[in-house]
Amino acid sequence: MQIEVLRLNHRIGRDPRISTHVCLTARAFGASKIYYSGQKDSKMEGSINKITERFGGPFEIEYTKNDIGLVVNKKKEGFLIIHLTMYGKDFRRYKNKTKNKNILIIVGGEKVESEFYNLAGYNLSITNQPISEVSALGIYLYEIFGYRKKFSNVKVKIIGKEKGKLLKQL
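As the structure is a computational prediction, the values presented were derived from the model and not from experiment.

Comments concerning the nonpolar core
(1) Moving on: Membership of the largest hydrophobic core comes to 28 residues, with the highest contact counts inside it found for Val-5, Ile-34, Leu-84, Ile-105, Leu-137 and Tyr-140.
(2) Moving on: Sorting the residues of this core by element identifies β1 (3-10), α1 (16-28), β2 (33-38), α2 (42-55), β4 (80-90), β5 (103-107) and α6 (133-145) as the ones contributing at least two each.
(3) Moving on: Sorting elements by how many residues they give to this core places α6 first, with six residues.
(4) Moving on: Every residue in contact with Tyr-140, bar those within four places of it in the chain, is listed here: Ile-82, Leu-84, Phe-91, Thr-98, Ile-105, Leu-124, Ile-126 and Phe-145.
(5) Moving on: Judged by nonpolar contacts, the second largest core, of 14 residues, contains Leu-8, Ile-68, Val-71 and Leu-104.

Some points on the sheet that holds strand β6 (residues 122-125)
(1) Moving on: Reading across from one edge, β3-β2-β1-β5-β4-β6 is the order of the six strands in this open sheet, with parallel pairing throughout. In this open sheet, the two strands that pair with only one neighbour each are β3 (60-63) and β6. Each adjacent strand pair in this sheet contributes to an overall mean axis angle of 30°, direction not counted.
(2) Moving on: Where β2 meets β3, four bridges bridge the pair, whose relative direction is parallel. Directly across from Tyr-35, in β3, lies its bridge partner Glu-62.
(3) Moving on: Set on the sheet, α2 makes contact with β1, β2 and β3; between it and β3 the angle comes to about 170°.

Focus on the packing of aromatic side chains
(1) Moving on: Taken as a whole and judged by the stated rule, the model has four aromatic pairs.
(2) Moving on: Relative to Tyr-140, the ring of Phe-91 has its centre 5.9 Å away and its plane inclined at 65°; by these criteria the two rings are edge-to-face. With Phe-91 in the loop between β4 and α4 (95-98) and Tyr-140 in helix α6, this pair connects stretches of sequence that are 49 residues apart.
(3) Moving on: Assessed through its relative accessible area of 0%, Tyr-140 is described here as buried.
(4) Moving on: Consider the rings of Tyr-94 and Tyr-122, whose centres lie 5.0 Å apart with planes at 55°: the pair is tilted.

Each value, and the rule that gives it
- Residues numbered from 1 in each chain as written.
- Predicted model: local features only at pLDDT ≥ 70, side-chain atom pairs only at ≥ 80, totals over all residues.
- Heavy atoms only, no water.
- Core = buried A, V, L, I, M, F, W, Y, C linked by side-chain atoms within 4.5 Å.
- Buried < 20%, exposed > 50% of the residue type's maximum accessible area, 1.4 Å probe, protein only.
- Helix = DSSP H or I, 4+ residues; strand = E, 2+ residues; numbered from the N terminus.
- Contact = heavy atoms within 4.5 Å.
- Pairing = 2+ DSSP bridges.
- Axes fitted to C-alpha atoms, helices over the stretch in contact; angles between N-to-C directions.
- Phe/Tyr/Trp six-rings, centres within 6.5 Å; stacked < 30°, edge-to-face > 60°.

Worth remembering: the numbers are spatial, not functional.
Encoded structure:
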């Protein structure tokens, strides 16, 4: 099973933290790759690649100029397309239909084109209220797949503590 994410319409001047947090959430909760459209952001790519190099992978980030073409191609490859949107149906009702499949999860940025709603196998919501794409993605991935992912090539491990911080160099 492969989980990939498409972050739509990244804007360098406006979205660097949100898009970075979408990437971090995708990686932490089991996605193997994230694509993003909008403006190409080499600085964000470098930041995510450094985190993956340090804390392990596999995880890739890739810019796409043609986000609709990417979705069409993923459908042809047999991926289930899930669009997370506040306008969708309650995701909990679709848990069993989405498990154990290759999935491309689409999360929006600015206004999402209607074509994405039509291309999606499912338009699903965490809540039918305005919500951050970061929290929607995190909740969805946690509820569907759990929270522990094994990472390879880890150079630094975080040791959970009740107080303070501890990093272990491997």
